[in-house]
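Examining the three-dimensional arrangement
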Amino acid sequence: MWNLKNYKFGFDPWGLGLFLVIMLPNCIWFAVPAPNDILRAESVTPLLDTVGQVLQVVLAAALCGVVNTARSGPVSRGYTAGVILCVLLYFAGWAAYYAGAAGSAVILTLCLAPCGAFLLFSAARRTAPVLIAGAGFTVCHAICAAVNFIL
């Protein structure tokens, strides 16, 4: 799993599809503000936000463009179900947010569910570069969410 010889640059349409599905609610949010839209407040963690954004770009690039050539066989149904569950939970979080709920549980769902989808997807495909970028992004994203919107 960690041998860099097993990775090549190549297009992963499933990785791109997952990224686009996760980004869809964000695009809607940019265009249509939600009631009680606390996510538009100015961040008190600008440096950590920047690190998280860089890791998010690396995550997206690796998700769509790094392939593990040593991976064999189909992806486990458990991983697939986990990714789907995370995506559905994420959409439910956005539905709750647009319904006016902006409590800790909703913020944590919006923060952690997409990260879980990315991490499960990369674990299923055994792509360590995506796992590493995803783990770093998850840590940054969780700290920023906690400091800016929960604590």
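Residues numbered from 1 in each chain as written. Predicted model: local features only at pLDDT ≥ 70, side-chain atom pairs only at ≥ 80, totals over all residues. Heavy atoms only, no water.

**Focus: the overall build of the protein**
From N to C terminus, the protein includes five helices and two strands. Reading the protein from its N end, one meets helices and strands in the order β-α-α-β-α-α-α. Principal-axis analysis of the C-alpha atoms gives the protein an extent of 45 × 30 × 25 Å. Scored against the burial criterion, the 151 residues of the protein give a buried share of 39%. Restricting to contacts in the protein with at least 6 residues of sequence separation, those with at least 24 account for 84%. Working note: accessible area of the protein is about 8200 Å², and carbon and sulfur atoms make up 73% of it. (Helix = DSSP H or I, 4+ residues; strand = E, 2+ residues; numbered from the N terminus. Buried < 20%, exposed > 50% of the residue type's maximum accessible area, 1.4 Å probe, protein only. Contact = heavy atoms within 4.5 Å. Areas by Shrake-Rupley, 256 points an atom, 1.4 Å probe, with all protein chains shown as cover.)

**Some thoughts on helix H2 (residues 46–65)**
Compared with an ideal rise of 1.5 Å per residue, which puts 20 residues at 28 Å, H2 spans 28 Å between its outermost C-alpha atoms and is within 8% of the ideal. Along H2, the residues classified as buried are Asp49, Gly52, Leu59, Ala60, Ala62, Leu63, Cys64 and Gly65. Residues of H2 that are buried sit in contact with strand E1 (7–9), helix H1 (13–31), strand E2 (66–68), helix H4 (104–125) and helix H5 (128–150). (Expected span 1.5 Å × (residues − 1).)

**Examining the nonpolar core**
Ranked by internal contacts, the top residues of the largest apolar core, which has 33 residues, are Leu18, Ile22, Tyr97, Ala117 and Phe118. Of all the secondary structure elements, the ones that give two or more residues to this core are H1, H2, helix H3 (77–98), H4 and H5. Counting residues per element, this core draws most heavily on H4, at nine residues. When residues no more than four places from it in sequence are discounted, the contact partners of leucine 18 are Val83, Val87, Ala117, Phe118 and Phe121. (Core = buried A, V, L, I, M, F, W, Y, C linked by side-chain atoms within 4.5 Å.)

**Digging into the environment of asparagine 68**
Structurally, asparagine 68 can be placed in strand E2. You can call asparagine 68 buried: its relative accessible area is 8%. Along the primary structure asparagine 68 and arginine 125 are separated by 57 residues, whereas in three dimensions their C-alpha atoms are 7.1 Å apart. In contact with asparagine 68, not counting residues within four places along its chain, are Asn6, Tyr7, Arg125, Arg126 and Thr127. A distance of 2.6 Å separates the side chain of asparagine 68 from the backbone oxygen of arginine 126, its partner in a polar contact. (Polar contact = N/O pair within 3.5 Å; in protein donor to acceptor, adjacent residues only side chain to side chain.)

**Notes on the environment of valine 66**
Following the sequence through the fold, valine 66 ends up in strand E2. Classification of valine 66 by relative accessible area gives buried; the value is 12%. In sequence terms valine 66 and tyrosine 7 are 59 residues apart; their C-alpha atoms lie 6.5 Å from each other. Ignoring sequence-local partners within four residues, the contact set of valine 66 consists of Tyr7, Lys8, Phe9, Gly10, Ala61, Thr127 and Pro129.

**Regarding the pattern of salt bridges**
What the rule picks out here adds up to two salt bridges. Aspartate 12 serves as the salt-bridge partner of arginine 125, at 3.7 Å between the closest nitrogen and oxygen. Of this pair, arginine 125 sits in helix H4 while aspartate 12 sits in the loop between E1 and H1, and the two are 113 residues apart along the sequence. Exposure remark for arginine 125: the relative accessible area of 14% places this residue in the buried category. With a relative accessible area of 9%, aspartate 12 lands in the buried category. (Salt bridge = Lys/Arg side-chain N within 4 Å of Asp/Glu carboxyl O.)

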